[in-house]
Amino acid sequence: MNRQTPGISPSIVTRDEQVYAYIRGSVRMEQFAVIADRLPELIGWLAGRGTPLAGAPFFRYDALDMDGESVVEAGAPVAEAPEPEGDVAVGVLPAGRYVTVTHTGHPDRLLGIEAELREWARDEGLEWDMTEVDGVERWACRLESYLTDPRVEPDPAKWEVELAFRLAD
């Protein structure tokens with residue numbers, strides 16, 4: 001079931017539950033920086049409490065509305081849950097089967113990668129763990145993980161970003 005599609009090489013993986021800390025926001029996609037700029041704040045907050053990351057920081061799309069407000073979390077996986085404080089909350093990413101694909105290049109190309117991934121999944125007969133109501137997609141788990149540390153590689157054209165979308169059971 002892992003047929004290759006020109007331009008992308010998706011995989012289906014099984015993931016365990018993962019504890020994470022996050023800051024949630026409601027944003028329009030053209031103002032995504034409002035939530036994106038909270039990610040360094042979250043990482044600094046975790047570091048200040050001695051809470052190490054257990055993986056790459058990410059954005060989790062809970063409700064996606066390309067023409068309106070989307071609910072997005074700036075998050076980071078952690079080995080142990082810190083005590084929530086202020087805007088920082090703690091949750092658990094659900095276990096299950098995920099379709100993943102890694103993109104190397106500027107994040108502004110992710111919309112095209114995401115479209116290719118949807119096409120691939122449709123061709124494979126896969127169903128997302130997502131419901132759509134009035135044009136708003138509500139995802140059980142849709143992640144955009146930043147595998148490259150921008151402090152180490154400041155050129156976004158060289159960043160690696162993994163998309164991971166949960167499949168329906």
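The numbers attached to residues start from 1 for each chain and follow its sequence in the written order. Local features in a predicted model are, by the rule used here, given only for residues with pLDDT of at least 70; side-chain atom pairs are given and counted only at 80 or more, and totals for whole chains, interfaces and linings are based on all residues. With hydrogens and water stripped out, all remaining heavy atoms of the structure feed into the side-chain values.

**What to know about the pairing of strand β6 (residues 96-104)**
So, point 1. Note on pairing: two strands pair once DSSP finds at least 2 bridges between them. Strands here mean DSSP runs of E at least two residues long; helices mean DSSP runs of H or I at least four residues long; both are numbered from the N terminus. With five bridges joining them, strand β1 (residues 11-15) and β6 adopt antiparallel strand pairing. Across the sheet, residue Thr14 finds its bridge partner in β6, namely Arg97.
So, point 2. Both β6 and strand β10 (residues 160-166) contribute to a ladder of seven bridges, which runs antiparallel. Considered in β10, the bridge of Thr104 is made with Glu160.

**Section: the side chain of Arg60**
So, point 1. One can find Arg60 in strand β3 (residues 58-64).
So, point 2. Its relative accessible area of 9% is what places Arg60 among the buried residues.
So, point 3. At 2.8 Å, the side chain of Arg60 and the side chain of Tyr20 are in polar contact.
So, point 4. Within polar-contact distance, the side chain of Arg60 engages the side chain of Asp62 at 3.4 Å. Burial classes follow relative accessibility: with a 1.4 Å probe on protein chains only, a residue under 20% of its type's maximum area counts as buried, one over 50% as exposed, and anything between as partly exposed. Whenever a nitrogen or oxygen atom comes within 3.5 Å of another N or O atom, the pair is scored as a polar contact, on the condition that within protein one atom can donate a hydrogen and the other can accept it, and that pairs from neighbouring residues in sequence are kept only if both atoms are in side chains.

**Overview of helix α2 (residues 38-48)**
So, point 1. Those residues of α2 lying buried are Leu39, Leu42, Trp45 and Leu46. Seen along its axis, α2 keeps its buried residues to an arc of 125°; they face one direction. More than 90 degrees from the buried face of α2, the exposed residues found are Pro40, Ala47 and Gly48.
So, point 2. Close packing links the buried residues of α2 with β2 (18-28), α1 (33-36), β3, β4 (69-77) and β5 (88-93).
So, point 3. At the exit of α2 stands Gly50, carrying a positive phi of roughly 70°. This arc is built from the directions going out from the helix axis to the C-beta atoms. Two residues form a contact once any of their heavy atoms are found within 4.5 Å.

**Focus: the pattern of salt bridges**
So, point 1. We count a salt bridge whenever a side-chain nitrogen from Lys or Arg sits within 4 Å of a carboxyl oxygen from Asp or Glu. The tally for this structure, following the rule as stated, stands at 15 salt bridges.
So, point 2. Close ionic contact of Asp62 with Arg24 constitutes a salt bridge, the shortest N to O distance being 3.5 Å. Note that Asp62 is positioned in strand β3 and Arg24 in strand β2, a separation of 38 residues in sequence.
So, point 3. Arg24 gets classed as partly exposed once you look at its relative accessible area, which sits at 45%.
So, point 4. The residue Glu114 makes a salt bridge to Arg118 at a minimum N-O spacing of 2.2 Å. Of this pair, Glu114 and Arg118 both sit in helix α3 (residues 110-124), four residues apart, roughly one helical turn.
So, point 5. Taking relative accessible area as the criterion, Glu114 reaches 9% and is therefore assigned buried.

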